[in-house]
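Residue strings, one per chain:
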Amino acid sequence: MSRLFATREGDDGLPGPERRLAVMALICGTTMAVVDATMINLALPSIAAGLEVASSSAVWVTNIFQIVCAAFLLVFSALSEIIGRRRLYVAGLSLFVVAAAGSALSRDLDMLLGFRALQGMGAAATLSIGPSLYRSIFPSRLLGSALGLSSLVVATGYTAGPAIGGLVLSVADWPWLFALPVPIGVVAVVLAWRALPREAGRRGGFDWPGACGAMLMLGALFLALDGVGHRTPAWQTLGWLALSLVVGGGFLWRQHRAPFPLLPLTLFRQPRFSLAVASQGLAFVGQGLAFVALSFLYQQGMGFSPLETAFLFTPWPLMIMLAGPLAGRLADRLNPSLIACLGLVVLIAGMLALGGLGAQAGILDCLWRTALCGLGFGLFQPPNNRELMTSVPAERSANASGVMSTTRTVGQAMGVAMVGACLSAGAPVQWALWGGAAAGGLALLTSLARVSRAEDAMRARRRGASESVQ
């Protein structure tokens, strides 16, 4: 860990001692958001009972957060270029904390949904630029290790969130779940304001038509995917999908012609970037699909209780905690695309093994298969993120970060929708897991296509480093 904060001659990014406070700010912000999300999912039955609403209505406490967050990711990544990433991150954290306090004080569903929408906006502001901040804080030689640390923090939050939520609900009412992140958020705001890199925003206009188009396009897409997952009438789902596609076409037309486009399409002319984005999206389809499908498989197909199901999920984030930092460190020295490919092979093997589970399988049968998936995903994510972020110029880091966050969110939602479609068709839930393995296979093919390009980029970086030393 100490090597992350050591300074060498010629390093870009912040000096070593300054990195510590900046990373602490990002860790606090990420932990707060991840733990909050996992706790609230666990608390939906308690919220429904406490507010005396139907369970189907309480689900919108999660849905509204996800939809608003997804709709604003590209918008905020572009806005950060004008006002600066530090200001946007602090503003997003502050909004999240205030909205969390408001959610804790809510006494009816409408009030709670309003504050959850504001929380989604705050989360979008931080998530849209988080990876790009790691690139501005750490020197290029340590970026893989830094992104591995980020994966460790996220996995730790996913592991701890349900346990913390269950503990709180055992002694207090659901509003305390929203109040719990507030102190952490206040500390994160103070640290972010003091420690994150200061930068001047660019001059020029903001693409307001593009921003409106992106929000409508992504919002409609998520409503369509949610409709698939929750078996809403076909005409309604198709209507949202058609609206997303029409607005998406207009959005692309606008981006080709805007003087300051919300999403510079020139990013996708870089094959390493486009292939890394595609690999990430397909991998997250598999992950989002697996998390929902396994809930049904373990409880309805195999008869495990909700508490036992939560325990069976634990190896996935635990293996990411172990493998993520190692994969990130290796990606700083070796071809990151090769490491990502290895991770995808392991992930596919784990998904196929889970798809082969029978009703009589025991706990150990489930645990090692889930651990295999977590190991694969942990090996894949940090190297792939490193490839994605370093394949574009530093001045486009915020845009690349916004694309990364949007792709991850859309991929997970598509995976959930695929499970819903599978269940609606009356197919065995194992079919969904095999579909996740197929998505992983496509991600592997995409990742293999960039191995030689990543090797060329590594050689060029090493030549540049040796020339700067001389």
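Residues numbered from 1 in each chain as written. Predicted model: local features only at pLDDT ≥ 70, side-chain atom pairs only at ≥ 80, totals over all residues. Heavy atoms only, no water.

**Focus on a nonpolar patch on the surface**
Moving on, step 1. On the surface, Leu216, Trp240 and Leu243 cluster together into a nonpolar patch covering about 230 Å² of accessible area.
Moving on, step 2. Along the polypeptide, Trp240 turns up in helix 11 (residues 234–257).
Moving on, step 3. Given the relative accessible area of 30%, Trp240 is considered partly exposed. (Patch = residues over 30% accessible without salt bridge, like charges linked within 9 Å, V, L, I, M, F, W, Y side chains within 5 Å. Areas by Shrake-Rupley, 256 points an atom, 1.4 Å probe, with all protein chains shown as cover. Salt bridge = Lys/Arg side-chain N within 4 Å of Asp/Glu carboxyl O. Helix = DSSP H or I, 4+ residues; strand = E, 2+ residues; numbered from the N terminus. Buried < 20%, exposed > 50% of the residue type's maximum accessible area, 1.4 Å probe, protein only.)

**Some thoughts on the environment of Leu88**
Moving on, step 1. Turning to its location among the elements, Leu88 is positioned in helix 4 (residues 85–105).
Moving on, step 2. Beyond its immediate chain neighbours, meaning those up to four positions away, Leu88 contacts Phe76, Leu79, Ser80, Ile83, Ala125, Ser128 and Ile129. (Contact = heavy atoms within 4.5 Å.)

**Quick notes on the state of the cysteines**
Moving on, step 1. Summed over the entire model, instances satisfying the criterion amount to zero disulfides.
Moving on, step 2. Cysteine Cys69 shares no disulfide, and the gap to the nearest cysteine sulfur, in Cys212, comes to 18 Å.
Moving on, step 3. With no disulfide partner, Cys366 has as its closest neighbouring cysteine sulfur the one in Cys373, 12 Å distant. (Disulfide = S-S within 2.5 Å.)

**Examining the packing of aromatic side chains**
Moving on, step 1. Tallied over the full model, the rule gives seven aromatic pairs.
Moving on, step 2. Seen in terms of ring centroids, Phe72 and Phe76 are 5.4 Å apart; in terms of plane orientation they differ by 25°. Their pairing is stacked. Of the two residues, Phe72 and Phe76 both sit in helix 3 (residues 60–83), four residues apart, roughly one turn of that helix.
Moving on, step 3. By relative accessible area, which is 17% here, Phe72 ends up buried.
Moving on, step 4. Its relative accessible area of 11% is what places Phe76 among the buried residues.
Moving on, step 5. Geometrically, the ring pair formed by Phe284 and Phe377 is edge-to-face, given 5.1 Å between the ring centres and 85° between the ring planes. Of this pair, Phe284 sits in helix 12 (residues 271–301) while Phe377 sits in helix 16 (residues 363–390), placing them 93 residues apart in sequence.
Moving on, step 6. Judged by its relative accessible area of 3%, Phe284 is buried.
Moving on, step 7. Through a chain of ring-to-ring contacts, the aromatic side chains of Phe284, Phe377 and Phe380 assemble into a single cluster.
Moving on, step 8. Stacked on the ring of Trp193, the Lys or Arg Arg86 has its end atom at 3.7 Å from the ring centre. (Phe/Tyr/Trp six-rings, centres within 6.5 Å; stacked < 30°, edge-to-face > 60°. Lys NZ or Arg CZ within 6 Å of the ring centre and 35° of its normal.)

**Some thoughts on the pattern of salt bridges**
It is possible for side chains of opposite charge to pair when their charged atoms get near one another.
Moving on, step 1. Counting across every chain of the model gives four salt bridges.
Moving on, step 2. Residues Glu81 and Arg396 are paired through a salt bridge, measuring 3.4 Å at the closest nitrogen-oxygen approach. Here Glu81 is found in helix 3, whereas its partner Arg396 is found in the loop between helix 16 and helix 17 (397–424), with 315 residues between them in sequence.
Moving on, step 3. Residue Glu81 is classed as buried on the basis of its relative accessible area of 14%.
Moving on, step 4. For Arg396, a relative accessible area of 30% gives the class partly exposed.

**Section: unusual backbone geometry**
Moving on, step 1. Despite not being glycine, Glu52 shows a phi value in the positive range, around 60°.
Moving on, step 2. Note on placement: Glu52 falls in the loop between helix 1 (16–51) and helix 2 (55–58).
Moving on, step 3. The class for Glu52 is exposed, based on a relative accessible area of 73%.

**Some remarks on helix 3**
Moving on, step 1. The terminal C-alpha atoms of helix 3, which comprises 24 residues, lie 32 Å apart, in line with the 34 Å expected from a rise of 1.5 Å per residue.
Moving on, step 2. At Leu73, helix 3 is bent by approximately 40°, the largest bend along its length.
Moving on, step 3. The element helix 3 is largely enclosed, with a buried count of 18 among its 24 residues.
Moving on, step 4. Phi turns positive one or two residues past the end of helix 3, at Gly84, with a value near 95°. (Expected span 1.5 Å × (residues − 1). Bend = angle between axes of the 7 residues up to and from the residue.)

**Structural notes on the environment of Pro209**
Moving on, step 1. Examined against the element boundaries, Pro209 turns out to sit in helix 10 (residues 208–229).
Moving on, step 2. Pro209 sits in the partly exposed class, given a relative accessible area of 49%.

**Let's talk about the side chain of Ser405**
Moving on, step 1. Positionally, Ser405 belongs in helix 17.
Moving on, step 2. Among the residues examined, Ser405 registers a relative accessible area of 1% and is labelled buried.

**Topic: the packing of helix 4 against helix 5 (residues 109–127)**
Moving on, step 1. At a minimum axis distance of 7 Å, the contact between helix 4 and helix 5 shows a crossing angle of 160°. The angle between helix 4 and helix 5 places the two elements in the roughly antiparallel class. Crossing geometry of helix 4 relative to helix 5 is assigned as left-handed. Along the contact surface, helix 4 presents Leu88, Tyr89, Gly92, Leu93, Leu95, Phe96, Ala99, Ala100, Gly102, Ser103 and Leu105, while helix 5 presents Met111, Leu112, Phe115, Arg116, Leu118, Gln119, Met121, Gly122, Ala123, Ala125 and Thr126.
Moving on, step 2. Tallied by class, residues from the contact of helix 4 with helix 5 come to 15 nonpolar, six polar and one charged. (Axes fitted to C-alpha atoms, helices over the stretch in contact; angles between N-to-C directions. Parallel < 35°, antiparallel > 145°, perpendicular 65-115°, else oblique. Left-handed = near helix turned anticlockwise from the far one by under 90°. Nonpolar A, V, L, I, M, F, W, Y, C, P; charged D, E, K, R; others polar.)

**So, the environment of Val187**
Moving on, step 1. Summarising the element assignment, Val187 is placed in helix 9 (residues 181–195).
Moving on, step 2. Residue classification places Val187 among the partly exposed positions, given a relative accessible area of 42%.
Moving on, step 3. For the pair Val187 and Trp235, spaced 48 residues apart in sequence, the C-alpha to C-alpha distance is 47 Å.

**Notes on the nonpolar core**
Moving on, step 1. Of all hydrophobic cores here, the largest spans 71 residues; its most connected members are Tyr89, Ile137, Leu196, Leu262, Phe273 and Leu388.
Moving on, step 2. Considering each element in turn, this core owes the most residues, twelve residues, to helix 3.
Moving on, step 3. Those residues in contact with Phe273, other than ones at most four positions away along the chain, are Leu267, Phe268, Leu388, Ser391, Val392, Ala400 and Val403.
Moving on, step 4. Counting 39 residues, the second largest nonpolar core, distinct from the first, contains Ala340, Met351, Cys373 and Ala443. (Core = buried A, V, L, I, M, F, W, Y, C linked by side-chain atoms within 4.5 Å.)

**Here we look at the packing of helix 14 (residues 315–331) against helix 16**
Moving on, step 1. Between helix 14 and helix 16, whose axes approach to 7 Å, the crossing angle comes to 30°. Classified by chirality, the crossing of helix 16 by helix 14 is right-handed. Together, Pro315, Trp316, Met319, Ile320, Ala323, Gly324, Ala327, Gly328 and Ala331 of helix 14 and Leu367, Thr370, Ala371, Cys373, Gly374, Leu375, Phe377, Gly378, Leu379, Pro382, Pro383 and Arg386 of helix 16 make up the contact between the two elements.
Moving on, step 2. When the residues that make up the contact of helix 14 with helix 16 are grouped by side-chain class, the tally is 15 nonpolar, five polar and one charged.

**Observations concerning the side chain of Gln255**
Moving on, step 1. Residue position: Gln255 is located in helix 11.
Moving on, step 2. Among the polar contacts listed, one links the side chain of Gln255 to the side chain of Asp207, at a separation of 2.9 Å.
Moving on, step 3. Not counting residues within four places of it along the chain, the set of residues in contact with Gln255 comprises Asp207, Gly210, Pro261, Leu262, Leu263 and Leu265. (Polar contact = N/O pair within 3.5 Å; in protein donor to acceptor, adjacent residues only side chain to side chain.)

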